[in-house]
Amino acid sequence: MALRRAAHLDTMYQELPLPDRFQAARDDGFDAVELWSWEDRDLAAVRAAADRAGIPICCCDGDGPVSLIDPDRREAYLGYLRRSLAAARLLGVPGVTIHSNGLGPDGGVLDPRDDLSHTVKLCALYDGLRASAALAEQAGVDLYLEPLNVTTDHPGNFLRDTRTAAELVRLVGSPRLRVLFDLYHMQLSEGHLCDTIRQYADTFGHVHAADAPGRHEPGTGEIAFPRVYQALEQAGYTGFVSYELFPARSTAEAVAAIRASG
């Protein structure tokens, strides 16, 4: 089965107003689009733009400024997640991205909670994921748990490797909780992307794609995209590969590079 491709509209097509990006992505042959924040947008207008273009929104952000690793903020986190799940249902989005830590608009970790031990953070994350998965099951929306790199973009983030994310997903055991495998982040954090796919693809619900270093289109960094695509297909992955990348020069050139990457 050929991989399904999505364009991230907060990183690509930035030369166009947001309502026009949906049709542009459809014209370029993408199967879906993705967004970051829903909170600062007119959701009815976003849904209308997607419907006009005939292209689904496959993912958006699910968490806000509150951290799952903070046991004292559990109810605040779940309160925000409820709103995100409601927004996802309104937009027809099948899954939302969640993280171990609250992130600011620039992606910076808002509260790394250096005062808490690794054990407390891990246990709080597990308990928070169980509670979050229960809400997701009620809403009929998937949660995509994303590890992030701490070397370049997100210093202080707690969840930084695929193994921990996958083991948490397996332990929680909810059909609505999956791993978001980000090629860019995990190339920086751990490398050996294809081996990781073979070990943990059964836990994957969503994949982000950008080359590393740089976070641009395929061919600008060191990732062997044809081999990664092949590993995903051989592992039976059926979700989206969403290009959360910043074009090195233009969106048109980035789209051409995506097409050429396999």
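All residue numbers here refer to positions counted from 1 along the written sequence of the relevant chain. The model is predicted, so local features are restricted to residues of pLDDT at least 70 and side-chain atom pairs to those at 80 or more, both for listing and for counting; the totals for chains, interfaces and linings are taken over all residues. As a rule here, side-chain values cover all heavy atoms of the structure and leave hydrogens and water aside.

Q: Explain the sheet that holds strand 1 (residues 4-8) to me, using residue names and the numbers behind them.
A: When DSSP locates at least two bridges between a pair of strands, those strands are taken to pair. Numbering of helices and strands starts at the N terminus; helices are DSSP runs of H or I of at least 4 residues and strands are runs of E of at least 2. Overall, parallel pairing links the eight strands, which are arranged 1-2-3-4-5-6-7-8 in a closed barrel. Looking at each pair of strands side by side, their axes are set apart by 30° on average, direction ignored. Inspection of the sheet shows strand 7 (residues 204-208) paired to strand 8 (residues 240-243) by two bridges, in the parallel sense. Along strand 8, the bridge assignment pairs His-208 with Ser-242. Helix 5 (residues 162-172) rests against strand 5 (142-145), strand 6 (177-182) and strand 7 of the sheet, and its axis sits at about 165° to strand 6. Axis angles are defined between N-to-C directions and span 0 to 180 degrees, where every axis is a line fitted to C-alpha atoms and, for a helix, only to the segment in contact. Here, residues are in contact when the closest pair of their heavy atoms is within 4.5 Å.

Q: Residues and numbers for the packing of aromatic side chains, please.
A: Between rings of Phe, Tyr and Trp, where Trp is taken as its six-membered ring, a pair exists when centres lie within 6.5 Å; planes separated by under 30 degrees are stacked, by over 60 edge-to-face, and by other angles tilted. All told, the structure shown has five aromatic pairs when counted by the stated rule. With a centroid separation of 5.8 Å and 40° between ring planes, the pair formed by Trp-38 and Tyr-80 is classed as tilted. Remark: Tyr-80 occurs in helix 3 (residues 74-91) and Trp-38 occurs in the loop between strand 2 (32-34) and helix 2 (43-53); sequence separation between them is 42 residues. A single burial state applies to Trp-38 and to Tyr-80, both of which are buried. Here Phe-181 and Phe-204 contribute two aromatic rings whose centre-to-centre distance is 4.7 Å and whose plane-to-plane angle is 15°, an arrangement assigned as stacked. Taken as a pair, Phe-181 in strand 6 and Phe-204 in strand 7 lie far apart in primary sequence, 23 residues in all. Residue classification places Phe-204 among the buried positions, given a relative accessible area of 5%. A cation sits over an aromatic face here: Arg-5 above Tyr-229, 4.5 Å from the ring centre. Classification of residues uses two cut-offs on accessible area relative to the type maximum, computed with a 1.4 Å probe and protein chains only: under 20% is buried, over 50% is exposed, and between them is partly exposed. By definition, being over a ring means that NZ of Lys or CZ of Arg is both within 6 Å of the ring centre and within 35 degrees of the ring normal.

Q: Any details on the state of the cysteines? Residues and values, ideally.
A: The disulfide criterion used throughout: a pair of cysteine sulfur atoms within 2.5 Å. What the rule picks out here adds up to zero disulfides. Summary of cysteine pairing: Cys-60 is not part of a disulfide, and the nearest cysteine sulfur, belonging to Cys-59, is at 6.3 Å.

Q: Give a description of the pattern of salt bridges that names residues and reports values.
A: What makes a salt bridge here is a side-chain nitrogen of Lys or Arg within 4 Å of a carboxyl oxygen of Asp or Glu, nothing more. The tally for this structure, following the rule as stated, stands at 12 salt bridges. Ionic contacts of the salt-bridge type, sharing partners, join the residues Asp-70, Arg-113 and Asp-115 into one network.

Q: Residue-level account of the packing of helix 4 (residues 118-139) against helix 5, with values.
A: Think of two packed helices as two axes; the pair is described by the angle between the axes and how far apart they sit. Two numbers describe how helix 4 lies on helix 5: the axes approach to 10 Å, and their chain directions differ by 50°. In terms of orientation, helix 4 and helix 5 fall into the oblique class. In the crossing of helix 4 with helix 5, the sense of the turn from one axis to the other is right-handed. In this structure, helix 4 contributes Leu-122, Leu-125, Tyr-126, Leu-129, Arg-130 and Ala-133 to the contact, and helix 5 contributes Thr-164, Leu-168, Leu-171 and Val-172. Looking at side-chain class alone, the contact of helix 4 with helix 5 contains eight nonpolar, one polar and one charged residues. Should an angle fall under 35 degrees it is taken as roughly parallel, and over 145 as roughly antiparallel, whereas 65 to 115 is taken as roughly perpendicular and any remaining angle as oblique. By convention, the crossing between two helices is left-handed when the near helix turns anticlockwise from the far helix through less than a right angle, and right-handed when the turn is clockwise. Throughout, the ten residues Ala, Val, Leu, Ile, Met, Phe, Trp, Tyr, Cys and Pro are labelled nonpolar, Asp, Glu, Lys and Arg are labelled charged, and all others, Gly among them, are labelled polar.

Q: Would you mind going over helix 7 (residues 193-200) in detail, with residue names and values included?
A: Within the span of helix 7, buried status applies to Leu-193, Cys-194, Thr-196, Ile-197 and Tyr-200. Down the axis of helix 7, the sector holding all buried residues measures 160°, keeping them to one side. Elements in contact with the buried residues of helix 7: helix 5, strand 6, helix 6 (183-189), strand 7 and helix 8 (225-234). The directions from the helix axis to the C-beta atoms are what the arc is built from.

Q: Go over the nonpolar core with me, naming the residues and quoting the values.
A: Throughout, nonpolar core names a set of buried Ala, Val, Leu, Ile, Met, Phe, Trp, Tyr and Cys residues whose side chains join them through atoms within 4.5 Å. Counting residues in each nonpolar core, the largest one holds 80 residues, and the members touching the most others are Phe-22, Phe-30 and Phe-204. With eight residues, helix 3 is the largest single contributor of residues to this core. When neighbours within four sequence positions are excluded, Phe-22 is seen to be in contact with Leu-9, Val-33, Val-46, Ala-49, Ala-50, Ala-53, Ile-55 and Ile-57. Formed by seven residues, the second largest nonpolar core is a distinct cluster that contains Ala-6, Cys-58, Cys-59 and Tyr-144.

Q: Outline unusual backbone geometry, supporting the account with residue identities and numerical values.
A: For the bond running from Ala-212 to Pro-213, omega is -5°, close enough to zero to count as cis. Although it is not a glycine, Tyr-13 adopts a positive phi angle of roughly 60°. Structurally, Tyr-13 can be placed in the loop between strand 1 and helix 1 (18-27). A positive phi is found at Arg-215, a non-glycine position, where the angle reads about 65°. Residue position: Arg-215 is located in the loop between strand 7 and helix 8.

Geometric values such as these leave the question of function open.
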